[in-house]
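# Chain and residue survey
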Amino acid sequence: MKKLFILACSLLSVISTTAQIVPLPKSESYTEGEFTITDKSCLVYNSRVRDAATYLLNYLPFKQILSSQKVMDGDVVLSVNTFMEPEAYRLTVDNKNITIVGGGYGGVFNGIQTLLQLLPADVYNGKKKLPVTVPCCTIEDNPKFDYRGFMLDVARTWISADRVKRYIDLMAHLKLNKLHFHLTDDEGWRIEIKSHPELATVGGFRGGDSPVYPRYAKFDEKWGGYYTQEELRDIVAYAAQRNIEVIPEVDMPGHSLALGTICPEILCNNSPDLSISNGLDIRNVWCAAKESNYALIDDIIRELSTIFTSDYIHIGGDEVNMSQWKSCPDCQRLKAEKGLKNEKQIEDYFIARTTEVLAKYGKKPAVWNEGIDGGLLPKSTRVHGWASIKACLNATSKGYPTIIMPGHYFYFDMKQSASEPGHTWAAIFDAKKVLSFDFEKQGFTAEHLKSVAGIEASFFSELFIANNPESNDYLDYMLFPRLVALSEVAWSHTRRSWEEFYTALKDAHYARMDAMGVTYRLQTPQVVYSDGKLTASTADGSTLYYTDTRTGKRSRYSKPIATTTPYAYEFISKKGSGISKKTGSKEYFAQLKPTVAVTTSLPCSSKTPITNAAKYNGSIVRTTRAAKAGDWIEYRFAEPLNCREIEIQTGHIHLRRCFLLNGYAEVSYDGKNFTRVADLFEGGAIIQPSAAVHAVRVQATGRSDAENQVVIQSLKIK
Ligand code: ACM
Ligand code: ZN
């Protein structure tokens, strides 16, 4: 019996290495033989799936495509069987034909995606020539969740329509079917509204001579863009052909700084203290009491509803700074008149009024999880649970249809390891953690699960703008392979182990992503220092390179490096279009924590004293006003310090906000005289000292970021 079991397992493993489909299908069986698509093969399709047939032509040059023609041997057939679930499909390959039967358009489209994965990986570069062979098999499949989404924030970093279409293509290859399109935020307004053109023509750009204040990066140039309605309609159609519904988001009533700058009449009837924010008005919340605001919302929703075909429009509801309502006499009068218990119920009122507008145009509301905190929203409201697992459990326990997207697993703007770019507020995680998401372990009961409407990944783009936003490399790297793992969580009924999933990535899907031109993240090389030698290795056959950080010279790694300075070497591996993070031996990462006294000319919040900046434990200092020319921060070491590198960074450790933007760093080698060594770049500077250091200092020459505070951090010293 045991022997038989082992035999069965080994057969299974032979078979599973033949296809390596991601996300894992419900059932796959492979038989002897193969089918060849030749330059005589026709693509025969049911007229309902014409657009899917033309989509397939992007990848394979069929001789002819024919609607509902008699099927001949050698043809590839796309058909519909409405007795099946709409997104289910059966893909059959025998020695005569390939047949994809889907329950509806989505089912056939999903079957096409599986077929593409059965072909040589270079099918994805769009230049594939016939013939190609496909192994004989039967694959039956349907999705675990109807809603398999990805949220893309194009407000904080502008991403052009063509680039958005590329991400739609990449989503389609993973059978993801909802693009939650985050189109407005504090940093920009990206939708042309014909009745209020200035929203986009002004609000689409910030920096330079734009009234919209620059944040995060690109401080000195006017930068941004917006989509015309024509472009948005084109995106919607492009996505629909790929079985993807686009759900627009207008983030209200908070996160509206850009809009409030252009239309200050939407803001509350109060006056902020501008003396602490260098004269900047940073109010970003719609007043809930102004009737004119609901008229503007009507104009916006009316136009949106002619562009987007989705039933839902996401209207935001997250992170509303309620102090703006607290100090607004009009909002307080509204609260009293309507018998609202607190400011959260003012938000409920705002959402209910917006929901009425949505209903007028045949649309339903989706909101972020804080939207339900006031307790008044009807159970038909769709909730996106982002802030925590607890928030998802709360929404599902109350019976709201909930999209599960806790930052701790599904926010792909989080770092993938401590030394990589990204946020940390939720977690630091890679694809392995995404794949490990388990409803039961997270406390979801059968009752909670009834309200789970889907799964979504998210990318908020505030850090992208500081990472070469004209290129896709940063975004690709943050998304892949985490988005592949997400698709498996959202689609597959049986979850593979990480080892099985990683095998599919490495042996099959990396090559597909190479052909798609995706800059995906490879697993981190292992680097070990022992017996005076640095040894590096990878498990994926990628090529290793190393850099001597003292000279900047990069070389290909071929054998262990004999050295007494292991902390100076940085390694990277590459394979196809994949790239690993930069890494080194333990010694490379070792951080020094010398005793230091920190002082500043800026007033600090009593909750975060300046001594926090001497602790090296991640605690921060918040000042109580923005910085101006002449302000300074000094770090003075108890003993002269020998080190390789000192990194100064102002701003919040995870949200590079509250920068001290304009200024320079200086270093003192004698404790008295300071030499200017670097201008601040995005609130920070890296110093490579030439001798033992007594002190370093930041000198402000102008304004800080668009906040009424600066955040001061501990130094990072290696
Ligand atoms: C969010 O991340 N503020 C929805
Ligand atoms: Zn108000």
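Before any of the text, the structure's been laid out above.
Here we summarise the structure given alongside this text. Given the structure is predicted, the values throughout are model-derived calculations rather than measurements.

The subject of this paragraph is the pattern of salt bridges. Summed over all chains, the structure comprises 35 salt bridges. In this structure, the salt-bridge partner of Asp507 is Lys506, at a minimum N-O distance of 3.8 Å. By relative accessible area, Asp507 is classed as partly exposed at 49%. The partner of Glu634 in a salt bridge is Arg697, with the nearest N and O atoms 3.2 Å apart. Of this pair, Glu634 sits in strand 29 (residues 632-641) while Arg697 sits in strand 34 (residues 693-700); the two residues are 63 residues apart in sequence, bridging distant segments of the chain. Assigned by exposure class, Glu634 and Arg697 land together as buried.

Right, let's talk about helix 12 (residues 389-397) for a bit. Considered for burial, the residues of helix 12 that qualify are Ile389, Ala391, Cys392, Leu393, Ala395 and Thr396. In this structure, the buried side of helix 12 is in contact with strand 17 (382-385), strand 18 (402-404), helix 13 (407-410), helix 15 (446-450) and strand 19 (452-459). Gly399 sits one or two residues past helix 12 and shows a positive phi near 90°.

This part covers the side chain of Gln229. In this structure, Gln229 sits in helix 6 (residues 229-241). A relative accessible area of 4% means that Gln229 is categorised as buried. Not counting residues up to four positions away in its chain, the partners in contact with Gln229 are Glu192, Ile193, Lys194, Glu303 and Ile307.

Turning our attention to the coordination of the zinc ion (ligand 2). Only Cys268 (SG), Cys287 (SG), Cys328 (SG) and Cys331 (SG) from the protein coordinate the zinc ion (ligand 2), and they sit 2.2 to 2.4 Å from it. Considering all 4 donor atoms around the zinc ion (ligand 2), the spread of angles at the metal, 103 to 120°, places the coordination shape in the tetrahedral class. Judged by its relative accessible area of 0%, Cys287 is buried. According to the relative accessible area criterion, Cys331 is buried, its value standing at 0%.

This brings us to the packing of aromatic side chains. Within this structure, the stated rule accounts for 33 aromatic pairs. Aromatic side chains Tyr588 and Phe589 sit 5.0 Å apart centroid to centroid with 85° between the ring planes, which places their arrangement in the edge-to-face category. When its relative accessible area of 7% is taken as the criterion, Tyr588 is described as buried. Ring pairs connect the aromatic residues Phe145, Tyr409, Phe410, Phe437, Phe439 and Phe444, which therefore count as one cluster.

What follows covers unusual backbone geometry. Residue Pro131 is bonded to the preceding Leu130 through a cis peptide linkage, with omega at 5°. With respect to the helices and strands, Pro131 occurs in the loop between helix 3 (105-118) and strand 7 (132-141). In the segment running from Met252 into Pro253, the intervening peptide bond is cis, with an omega of -15°. Mapped onto the secondary structure, Pro253 falls in the loop between strand 14 (245-252) and helix 7 (257-262).

A few words now on the sheet that holds strand 36 (residues 716-717). Taken together, 3 strands build an open sheet; the order of strands is 33-30-36 and the sheet is antiparallel. Of all strands in the sheet, those bounded by a partner on one side alone are strand 33 (684-687) and strand 36. In the sheet, strand 30 (residues 646-649) pairs with strand 36 via 2 bridges, with the strands oriented antiparallel. When the sheet's bridge partners are listed, Ile646 is paired in strand 36 with Ile717.

Here we come to the environment of Tyr474. Note on placement: Tyr474 falls in helix 16 (residues 473-479). Remark: the alpha-carbon pair of Tyr474 and Phe181, spanning 293 residues in sequence, is separated by 19 Å. In this structure, Tyr474 is in contact with Pro421, Gly422, Phe459, Leu463, Phe464 and Asn467, ignoring residues within four places of it in sequence.

Criteria and thresholds
- Residues numbered from 1 in each chain as written.
- Chains lettered and ligands numbered in written order.
- Predicted model: local features only at pLDDT ≥ 70, side-chain atom pairs only at ≥ 80, totals over all residues.
- Heavy atoms only, no water.
- Salt bridge = Lys/Arg side-chain N within 4 Å of Asp/Glu carboxyl O.
- Buried < 20%, exposed > 50% of the residue type's maximum accessible area, 1.4 Å probe, protein only.
- Helix = DSSP H or I, 4+ residues; strand = E, 2+ residues; numbered from the N terminus.
- Contact = heavy atoms within 4.5 Å.
- Donors = N, O, S within 2.8 Å, 3.2 Å for Na, K, Ca; no water.
- Tetrahedral: all angles 85-135°; square planar, octahedral: opposite > 155°, others 65-115°.
- Phe/Tyr/Trp six-rings, centres within 6.5 Å; stacked < 30°, edge-to-face > 60°.
- Pairing = 2+ DSSP bridges.

As far as function goes, none of this settles anything; it's purely spatial.
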